[in-house]
Each structure stands twice: as C-alpha cells, then as structure tokens.
Amino acid sequence: MGVEAGAQAARSRALVVLRIRSRALAVALLPAAVAVILLAGAATGRLVGPGWDAARWILTPVAVLVLLAAAGVALVVARARPAMSPTIPVNEEAAPDLYRMVRDLADRLDVPAPSAIALTPDCDSWLEDRTHRAHGPPPAEEHDDIAGGGTHTHRRHPVAPVLVIGSPFLWWMRVGELRAVLAPVVAGTGPSAHPDIAAARRFVRGLDAAVAVASAPHRGRLSRAGLAGVGWVARLLLRSCRVHAVELERGVAAAAAERAQAVDYGLRIVAQEQVGLAYAGWDRLLTRVALPAWRMGRWPSRLDAGVVAALTELSRRDRLAEGFASRLGERPACDLLEEPGAVDEAASLLAARLFHGGPAGPGPDWSPVGWSEYPEEVVDRKWRVDAARLHRVLDTMGVRPAPGSTAPNTGGPTLSRVLDHLTDRADRLTDQAGETPFTTRSPEPPRSPEPPPDDDEEDLSGTTPRSATLAARLSAALSREETTATPSPSATAPSTVPSTAASSPAGSPATPDPALWDDRTLPLFPLQPPRTARELLADHLTAMICCAAMDTAGATPGLDWLDGPTLLHNGERTADLAPKVLTLIEDGDSTPLRAWLAELGIRPEKPVRLG
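Quick caveat: nothing in here was measured; it's all calculated off a predicted structure.

> Is there a simple way to explain the overall build of the chain in this structure?
The helix and strand tally for the chain stands at 22 helices and 9 strands. A buried classification covers 46% of the 611 residues belonging to the chain. Restricting to contacts in the chain with at least 6 residues of sequence separation, those with at least 24 account for 80%. Carbon and sulfur atoms provide 56% of the accessible area of the chain, an area that totals close to 30,100 Å².

> Any chance you could explain the sheet that holds strand 8 (residues 564-569) here in plain terms?
Two orientations exist for strands paired in a sheet by backbone hydrogen bonds: parallel and antiparallel. Spatial ordering of the open sheet is given by 7-8-9, a layout of 3 strands whose pairing is antiparallel. Here the strands that pair on one side only, and so sit at the sheet edges, are strand 7 (556-560) and strand 9 (572-573). Relative to strand 8, strand 7 is paired through 5 bridges, and the arrangement is antiparallel. Residue pairing across strands places Thr-556 opposite Leu-568, the latter belonging to strand 8. Contacts from helix 14 (residues 374-396) reach strand 7 and strand 8, with the element oriented near 110 degrees to strand 7.

> Any chance you could explain the side chain of Thr-464 here in plain terms?
Relative to the helices and strands, Thr-464 resides in the loop between helix 17 (454-457) and helix 18 (465-484). Here Thr-464 falls in the buried class, since its relative accessible area comes to 8%. A polar contact is formed between the side chain of Thr-464 and the side chain of Ser-467, at a distance of 2.9 Å. Leave out the neighbours within four places in its chain, and Thr-464 touches Ile-585, Glu-586, Asp-587 and Gly-588.

> Quick question: what am I supposed to make of unusual backbone geometry here?
Most peptide bonds are trans, and most residues other than glycine sit at a negative phi. Even without a glycine there, the phi angle at Asp-110 is positive, about 60 degrees. Position of Asp-110 among the secondary structure elements: in the loop between helix 3 (96-109) and strand 2 (116-120).

> What is the right way to read the sheet that holds strand 3 (residues 125-128) from this model?
Overall, mixed pairing links the 4 strands, which are arranged 1-2-4-3 in an open sheet. Sheet topology places strand 1 (88-90) and strand 3 at the edges, where each strand pairs with a single neighbour. Across the sheet, the mean angle separating the axes of adjacent strands is 30 degrees when strand polarity is ignored. Bridge count between strand 3 and strand 4 (residues 162-166): 4 bridges; the pairing is antiparallel. Bridge assignment links Ser-125 to a residue of strand 4, and that residue is Ile-165. Packing of helix 6 (residues 175-186) onto the sheet brings it into contact with strand 3 and strand 4, and relative to strand 4 it is tilted by some 140 degrees.

> Before we go on, may I ask you to explain the environment of Ala-290 in this structure?
If you trace the backbone, Ala-290 turns up in helix 10 (residues 265-295). For Ala-290, a relative accessible area of 0% gives the class buried. Other than its neighbours up to four places away in sequence, Ala-290 contacts Leu-285, Pro-300 and Leu-303.

> I keep staring at a nonpolar patch on the surface and nothing clicks. Help me out?
Where nonpolar side chains cluster on the molecular surface, the patch consists of Leu-25, Leu-29 and Leu-67 and spans about 260 Å² of accessible area. With respect to the helices and strands, the residue Leu-29 is situated in helix 1 (residues 5-44). A relative accessible area of 42% means that Leu-29 is categorised as partly exposed.

> Help me understand the packing of aromatic side chains, please; the structure alone is not making it clear to me.
To describe a pair of aromatic rings, one takes the distance between the centres and the angle between the planes. Scanning the model with the defined rule gives 2 aromatic pairs in all. When the centroid spacing of 4.9 Å and the interplanar angle of 75 degrees are considered together, the rings of Trp-371 and Trp-561 count as edge-to-face. Within this pair, whereas Trp-371 is found in the loop between strand 6 (367-369) and helix 14, its partner Trp-561 is found in the loop between strand 7 and strand 8, the two being separated by 190 residues in sequence. Aromatic ring contacts, followed pair by pair, group Trp-371, Tyr-374 and Trp-561 into a single cluster.

> Help me out: how do you make sense of the pairing of strand 2 in this one?
For a regular strand, side chains alternate in direction, first toward one face of the sheet and then toward the other. Here strand 2 lies mainly inside the structure; 5 of its 5 residues are buried. Looking at chain direction, strand 1 and strand 2 are connected through 3 bridges and run antiparallel. Paired with Pro-89 across the two strands is Ala-118, which belongs to strand 2. As judged from the 5 bridges shared by strand 2 and strand 4, these two strands associate in the parallel manner. Note that in strand 4 the partner of Leu-119 across the bridge is Ile-165.

> Just checking my understanding: could you explain the nonpolar core for this structure?
If you look at soluble globular proteins, the nonpolar side chains tend to sit buried side by side. One finds Leu-98, Leu-178, Val-186, Trp-294, Leu-303, Leu-470 and Ile-545 to be the most contacted residues of the largest nonpolar core, which totals 112 residues. By size, the runner-up hydrophobic cluster in this structure holds 24 residues, among which are Ala-10, Leu-18, Val-77 and Cys-241.

> Looking at this model, I keep getting lost on the pattern of salt bridges. Mind explaining?
Side chains that differ in charge, positive against negative, can pair when their charged atoms come close. Following the criterion strictly, the structure yields 28 salt bridges and no others. Linking Lys-382 and Asp-386 is a salt bridge whose minimum nitrogen-to-oxygen distance equals 3.3 Å. Highlighted residues: Lys-382 and Asp-386, both in helix 14, separated by 4 residues, approximately one helical turn. Assessed through its relative accessible area of 15%, Lys-382 is described here as buried. The class of Asp-386 is buried, set by a relative accessible area of 7%. A salt bridge links Arg-384 to Asp-551; its shortest N-O distance comes to 3.0 Å. With a gap of 167 residues between them, Arg-384 in helix 14 and Asp-551 in helix 20 (residues 533-552) connect regions that are remote in the sequence. Given the relative accessible area of 32%, Asp-551 is considered partly exposed. Taken together, the shared-partner salt bridges connect Arg-284, Arg-288, Asp-560, Asp-563 and Arg-573 into one network.

> Would you explain the environment of Val-378 in this entry?
Assignment of secondary structure puts Val-378 in helix 14. Given a relative accessible area of 0%, Val-378 falls into the buried group. Considering only alpha carbons, one finds Val-378 and Trp-299, 79 residues apart in sequence, at a separation of 9.6 Å. Those residues within four positions of Val-378 in sequence are excluded, and the remaining contacts are Pro-292, Ala-293, Met-296, Arg-298, Val-369 and Glu-373.

> What is the right way to read helix 14 from this model?
Each α-helix winds once per 3.6 residues, and so residues spaced three or four apart point in a common direction. Under the 1.5 Å per step criterion, the end-to-end length of helix 14 is 32 Å for 23 residues, consistent within 8% with the ideal 33 Å. Backbone geometry just after helix 14 places Gly-398 at a positive phi near 70 degrees.

> So what exactly am I meant to see when it comes to the packing of helix 18 against helix 20 here?
Helix-helix packing is described using two parameters, namely the angle between the two axes and the distance between the axes. Following both chains from N to C, one finds helix 18 and helix 20 inclined at 90 degrees, their axes separated by 8 Å at the closest point. By the angle between their axes, helix 18 is roughly perpendicular relative to helix 20. Residue-level inspection shows Ser-467, Leu-470, Ala-471, Leu-474, Ser-475 and Leu-478 of helix 18 in contact with helix 20, the latter providing Ala-533, Leu-536, Leu-537 and His-540.

> Looking at this model, I keep getting lost on the state of the cysteines. Mind explaining?
A covalent bond between the sulfur atoms of two cysteines is referred to as a disulfide. As enumerated under the stated definition, the model contains 0 disulfides in all. Cysteine Cys-546 is unpaired, with the sulfur of Cys-547 as its nearest cysteine sulfur at 7.1 Å. For Cys-546, a relative accessible area of 3% translates into the label buried.

Thresholds applied
Residues numbered from 1 in each chain as written. Predicted model: local features only at pLDDT ≥ 70, side-chain atom pairs only at ≥ 80, totals over all residues. Heavy atoms only, no water. Helix = DSSP H or I, 4+ residues; strand = E, 2+ residues; numbered from the N terminus. Buried < 20%, exposed > 50% of the residue type's maximum accessible area, 1.4 Å probe, protein only. Contact = heavy atoms within 4.5 Å. Areas by Shrake-Rupley, 256 points an atom, 1.4 Å probe, with all protein chains shown as cover. Pairing = 2+ DSSP bridges. Axes fitted to C-alpha atoms, helices over the stretch in contact; angles between N-to-C directions. Polar contact = N/O pair within 3.5 Å; in protein donor to acceptor, adjacent residues only side chain to side chain. Patch = residues over 30% accessible without salt bridge, like charges linked within 9 Å, V, L, I, M, F, W, Y side chains within 5 Å. Salt bridge = Lys/Arg side-chain N within 4 Å of Asp/Glu carboxyl O. Phe/Tyr/Trp six-rings, centres within 6.5 Å; stacked < 30°, edge-to-face > 60°. Core = buried A, V, L, I, M, F, W, Y, C linked by side-chain atoms within 4.5 Å. Expected span 1.5 Å × (residues − 1). Parallel < 35°, antiparallel > 145°, perpendicular 65-115°, else oblique. Disulfide = S-S within 2.5 Å.

All quantities given are derived from atomic positions and should not be read as evidence of function.
Okay, structure coming up:
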C-alpha cells in the first residue's frame, strides 16, 4: 500500500474494526477464563469454601454456554455467503485486449491487477471481493496469470478483487475514455491488498451476511430462535463498526483517486461527462424502450447497442450534446471484446432479470427481439392487447354506443365507443340547451363498480366519475391477469442461457451463475413504481387511438430511442396526443381529441383489429 493520506486513514480505521472484533472475542472468552481460574484455584486448594464452590457451579455452565454461543455466531459469520452483485463473467480468452489494457493500467498505477473482469448492466464500475469459498473463485494460478505473475503452488498469495465494469460504458465510451474512467477504480486494488484492510472488510461482510441469514424466512421454530440471537449479535457488532467501515471505504477511495491523478487526468475530466450522459441514456432506454417490451414477454437483445443509438439521437436533438456524436469515429471500447454481440445479449438478458424480474433464459413466453422487429413485435402488439383489454372491461360494464353517436352499429370495437363513454355528455348538453338530457339505459344493468384501491383514490380525484370507474375496472382487470398468469416468469422459468452464449466456445462470455446470488426477490431494482389507475387508463386510451390510426389512417408503429413506442403518420412522429387524452380523462371533454383525429384523417367510428 502506498503512502497516500487516504490509505493511512483507511488502515487506521481498519485497525479499529479489528479491535472491535478482538473485544468481542475477549467478551466471549471472559466467562471461560474466570471459570478456568476458579477450577485451578480449587485444584490447588487456594479457592475453597462454600462461596467459591457455588461460584464454580454457576459460572462453569455459563462459560460453556457462552463458548457454544460464540462458536455458533463465529461459524455463521464465517460460513455465511456475502452478497455478490449479479454480473456477466468475462474470461481473458473472450476479451484479451480488455485484459491487456487493464493490466497495463495497473502497471502504470503500480498496483496489483484485478483477478478477473465482469460486466454489469448498469452505468457504474467497482471492485468486488469474491474470495469467499461460496463464490467459487478460479484457481490461484489463473489469478496470478491475469495479474501478470507466475504460478506458485507452494505459497498462497492474496487474490485481488474482481473488476466490475458497466456494460453501457463499453459501447458508448471510446478506449481512451474507458481507460481514464477505470483508472481510479483499478487503483483501489492497492489499498485492498493490505492485510489489515482486507481482514476488516471480510469481518464486516461476514457480519452483513450473518444478518441476512438470520433474517431469511421459511425456517423452523428452533432455527429461528437460534438465528435470532446470531442476528442480534451481528447487528450489535455492525452498529459498532458502521462509522469506522464507512470511513475506511472513504479512505480507500481517496487513496485510489490520489494515485490515479497521474494517469490520463485531462482525459478523465472529459470522460466523466460521458459517464453522466451514458447514465441518462441508459435510464431512458430502460424505462421508455425496454420496459414496454419486458411487459409483453419480449426482451431486447441489444440494449447496449441501443444506448449508442439513444445518445446519438440525443446529440442530434440537443445542441449541448452536438460534440458527443463526433466521438463516434474513434474506436469504441466494445472492440476490446472478441464477441460483442454475445456479451450484449447476455447483459441484456441479465438487465431484464434484474430490473423486471424476467426468467433466467429465453422460452416460449420470454423471447428476444431485435431493434428492427421492435415496432411490429412489441409496439403494435402492445397497443392491440391494451385496446382489447379496454373493450373487455367496457363489455363487463355493459357500455353501448350512446344515443346520437355517429358510430354505426357494426358490433365491432370502435374508438367512438370509448370516446362517447368518457365524454361528459350531461354537462356539455346542459351548457348548450340549458336542460339535462335523458340518460342512457343499458340492456343489462351494469354491476356496481369496484371501489378503487386506497392509493388510487387520490390519483382519481381529479377525473370524471366515468373515467374513475373505468380506470378502477382496468386496474382490477390487469391485477387479475397478472395474478392468474402462469407460469410465473421469475419463479418457474428454467435457468437456461441465451443460445448465442450457450453454444459458444469456451472463450466466449459466460452467463451469471444464479447459485451465487439470491434471485428470490426479483426484480432487485424495479425501474418504476406500479402504474396508477389514471396512468393505466391513459395508456389504454392512447393504445386504442393508435390502433384506430393504424387501421383507418395508414399510420404505423415506430420506435423513438428516447421516448419509446411512438405513432408514425406519413413517416413523421405524431405529437400533442397526451394532453388531449388527459383532457378527456380529467374533464370529460373530447372536442380537442376529436379535432386531432379529424386533422390526421382517423375515423373513430370504424372497427379496429384487436390483439
């Protein structure tokens, strides 16, 4: 470890954590030490008498129980599997140029090279210790070879942490920018190699893993009772170490940043701008483009390539980002991989699993989709499925075309049926004629609407009664569909791998091993909270409008890299639809929307094809 001030501060904090561990051990051994003294005193005849005998009879069993409890806590802490980030492992055969760049960077920083490289579908990079036996690290000779050293079977060397790189960085950043961004991360292997810091980190990770084991559900009564005590002790020690562990990590980060200043400092300032831009593009791509596909049982297989398209589109629209597109002529960092397509597919599948809770591999109800197929396979299908659900709910409510409606009685699903139902005809006709018109009588009396959930009451407070009722029915129908859907995507899907990765040679990237991380709580990082009833109604009404536009006005589904599914009319993206939909939902006024439909030549009275 170097002489950086941060490294010295980190080592001092590590020593404090180790002293806490030593004090905990001393407290556990104290009753046994006192019992040994009392027993030795009885054997030598120095501590005799009724009082000493009573103390020996009481303290000896207590010491044995404390030792057994301490041994149990130590066993759980030592054997509990620390949390590990789900990643895509990349061996050296699959990315020799990337390993060479990282190894050269470590040599320039005078720190140990990372033991391996893995990718994560996120815009971040870090070092992760995977030396625990449950993580199954590669053999020591492979680590030494990656780190640039020889093989020494007669002596065990400390294993460097794994370098985890965000996969969007490889596609958007250039090689020089990636090296500049990774410099402070790789520099962290220096402080991590110090024995005191490594021991303190292992102790804290073990405590955290023990708390997770104690909190796990579905255990027997006896196991819960025993693990409750283990959890209490682990939480107590974690609280004692919390401040020092945080300061330890801050010291390590400060030392790594100080050491990395001498490497590509000017380029790193520019590269940090690309980090923020990549994060914004990745978030937009996941929430606006990938999420609709995931909900339809399809997962885009080239998410990382989509980031480049999204950010290129952003640079075209935003004058502040004009200079970013000029970088695309330089060598991208994904060229450091032997098979970028296979890596992108594996990272895309892992992203769907983490952010949506999809199955571990493709199947009949979970298949990949390319960007060229996205408009037809995802956008068109999504709109028609939502429109079909909207009309099914209207059927259960007994909604028929209103008197005076311009829609012919064709019996098919039409947009006019929806518009007439949501239009507040009573208020509008009262304003025009000064009297309240007759009300429509349905052939079948509609059932009483289901009360909306408590969290949707406030959301629906600003809508018309008909909109609120329809929104509540849609929300209930969608909940029933999700509940009765079988099989569950995240629970019953086989742990298969993408075909491109499964059939590839040994040098290609591997898929994450689900046995190394807990996938029972997927999605681990939900992208958005559940949609409210108002949002569901707006989405379904928009889908119905788009279906009418495609079937009656020659519009086509499209993909906007920044906004997701979009409607194209005469090859151009339509605009200003969302405000008119909200006006109908909130005010019951369909005039702006009908004018918009007439302007584009959309005929709401014509039947549409549903999914």
